[in-house]
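What follows is the residue order along each chain.
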Amino acid sequence: MRSVRMTEELWQHLLSLREGSLRPVALSACVDGSGLSLYRPIAVRGGPLVLAQVGQSLDGRVATPTGDAQDVSGCDGIAHLHRCRALVDAVIVGVGTVVADNPSLSVRAVSGRNPVRIVVDCNGRMPERAKMLHDGGAPVHVMQADDVPLRNVRYRTIRLPRQVDGGLAPRDILAALAERGLTTVLVEGGATTISRFVDAQLIDRLHVSVAPIIIGSGPAGIRLSPIDRLSEARRPEVQVYNIGTDIVFDCNFRIEAQQVAASADREDVLMADLA
Ligand SMILES: NC(=O)c1ccc[n+]([C@@H]2O[C@H](COP(=O)([O-])OP(=O)(O)OC[C@H]3O[C@@H](n4cnc5c(N)ncnc54)[C@H](OP(=O)(O)O)[C@@H]3O)[C@@H](O)[C@H]2O)c1
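Residues numbered from 1 in each chain as written. Predicted model: local features only at pLDDT ≥ 70, side-chain atom pairs only at ≥ 80, totals over all residues. Heavy atoms only, no water.

Identification of the protein chain as Bifunctional deaminase-reductase domain protein from Neorhizobium galegae bv. orientalis str. HAMBI 540 is taken from an unreviewed UniProt entry. Recorded in UniProt under Pathway (unreviewed entry), the annotation for the protein chain is "Cofactor biosynthesis; riboflavin biosynthesis." (UniProt positions renumbered as here; feature names shortened; annotations may be inferred.)

See below:
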């Protein structure tokens, strides 16, 4: 496990990468390599990136059964989440999170820009009194199905085709954001929203930030389509980071995808040899 020590020098370097600076803020030789390895892949403007982040307890819960989700993560887990927000163009949550937590999705624990806020609200149940609609912060876009009756609302809606499963296709969501120049995104939750992106194979990296508490019951941070055999379980490449109060598992799904493709190739060769 690697330990992350964030310094102002490293953070300013990452923010300059995020701005696409041709001359990023220089780093001294003693800079923390772990912090660079955890955050650089999010900060660099090399192409589209979809990051998901879950802050959970040791037993994989994100809230109590009554919905208390405050303070699952420790202070360093919160700072980590805010760093992730500051390094992306847009942050996505499902309308369930807006109803349950009324979040502002802004960057407060660190310096940096607030991301554009995206709410996936297929059926038009975004609360008019949601904090993010009234705080004067970054723009809010609400994604709705194109068959939902138009209402006179105070937020911008992006209307997408409803899929046969009744939902919106995560690929359509990303394409609509890319059209607006938002190409690096953080899918922040809840489980329904993250799971749709994971099932659609659209997550590049997943950060699972684990706090040393046991809640014992309550909703999980990720809920995927059921599998029968453990051999079907997702096995991304994982790097583990001690960030202080919490431990971050940085899961790289792109390396998993490459390994799956390589093993499929090996099976093809084996079948050809046997034929
Ligand atoms: N600890 C963390 O990291 C973290 C972060 C965020 C949230 N949370 C917790 O997560 C819980 C909420 O999670 P949740 O799973 O119930 O709700 P959610 O994922 O926030 O929202 C789910 C709802 O969003 C809409 N939605 C999302 N993606 C969609 C898609 N692709 N197509 C169509 N509709 C889509 C649907 O609305 P309709 O049902 O109206 O169709 C769906 O029911 C809260 O307790 C919150 O505290 C934890």
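A. Spotlight on the overall build of the protein chain. A count of helical and extended segments in the protein chain gives seven helices and ten strands. Computed over C-alpha atoms, the radius of gyration of the protein chain comes to 20 Å, within 12% of the 19 Å expected from 2.2 N^0.38 for 275 residues, which places it in the range of a compact globule. Each principal axis of the C-alpha distribution contributes one length, and for the protein chain these read about 65 × 55 × 45 Å. Per-residue burial for the protein chain yields a buried fraction of 44% across its 275 residues. Nonlocal contacts in the protein chain, meaning residues at least 24 apart in sequence, comprise 69% of its contacts between residues at least 6 apart. Just so you have it, the protein chain exposes about 14100 Å², and 53% of that area is on carbon and sulfur atoms. Here the protein chain holds 30 positive side-chain charges and 31 negative ones, and the gap between their average locations is 6 Å. (Helix = DSSP H or I, 4+ residues; strand = E, 2+ residues; numbered from the N terminus. Rg over C-alpha atoms; globule rule 2.2 N^0.38 Å. Buried < 20%, exposed > 50% of the residue type's maximum accessible area, 1.4 Å probe, protein only. Contact = heavy atoms within 4.5 Å. Areas by Shrake-Rupley, 256 points an atom, 1.4 Å probe, with all protein chains shown as cover. Lys, Arg positive; Asp, Glu negative; His and termini not counted. Charge placed at Lys NZ, Arg CZ, Asp CG, Glu CD.)

B. Geometry of the sheet that holds strand 1 (residues 2-3). The ten strands are arranged 1-9-10-8-2-7-3-4-5-6 in an open sheet whose pairing can be described as mixed. With partners counted over all chains shown, the strands left at the sheet margins are strand 1 and strand 6 (156-160), one partner each. By the bridge criterion, four bridges tie strand 2 (residues 49-57) to strand 7 (residues 184-189) in an arrangement that is parallel. Across the sheet, residue Leu49 finds its bridge partner in strand 7, namely Thr184. (Pairing = 2+ DSSP bridges.)

C. Focus on the UniProt feature "domain: Bacterial bifunctional deaminase-reductase C-terminal" (unreviewed entry) in the protein chain. On the UniProt side, "domain: Bacterial bifunctional deaminase-reductase C-terminal" (unreviewed entry) is annotated at positions that read residues 48-248 here. Helix makes up 19% of residues 48-248 and strand 25%, whereas the separation of the span's terminal C-alpha atoms amounts to 22 Å.

D. Broad picture of the pairing of strand 10 (residues 247-252). Bridge count between strand 8 (residues 205-211) and strand 10: six bridges; the pairing is antiparallel. Directly across from Arg205, in strand 10, lies its bridge partner Asn252. Strand direction decides the pairing type here: strand 9 (residues 237-242) and strand 10, joined by six bridges, are antiparallel. Residue Val240 lies in a different strand from strand 10, and its bridge partner there is Phe249. In textbook terms, the turn of a hairpin is the stretch between consecutive antiparallel strands, and for strand 9 and strand 10 this stretch comprises four residues, one of which, Gly244, has a positive phi near 125°.

E. Up close: the site of the ligand. The environment of the ligand is made up of 24 residues, and the closest members are Thr97, Asp101, Arg125, Thr192 and Thr193. Val95 has a polar backbone atom sitting 3.3 Å from an oxygen atom of the ligand. Backbone polar atom of Val120 to an oxygen atom of the ligand: 3.5 Å apart, as the coordinates give it. For the ligand, whose free accessible area comes to 920 Å², the fraction covered by protein is 82%. Listing elements by their share of the shell around the ligand, those giving two or more residues are strand 2, helix 4 (95-101), strand 7 and helix 6 (191-199). Among the elements that take part in the shell around the ligand, helix 4 stands out by supplying five residues, more than any other. Classifying every residue of the shell around the ligand gives nine nonpolar, ten polar and five charged. (Near = heavy atom within 4 Å. Polar contact = N/O pair within 3.5 Å; in protein donor to acceptor, adjacent residues only side chain to side chain. Nonpolar A, V, L, I, M, F, W, Y, C, P; charged D, E, K, R; others polar.)

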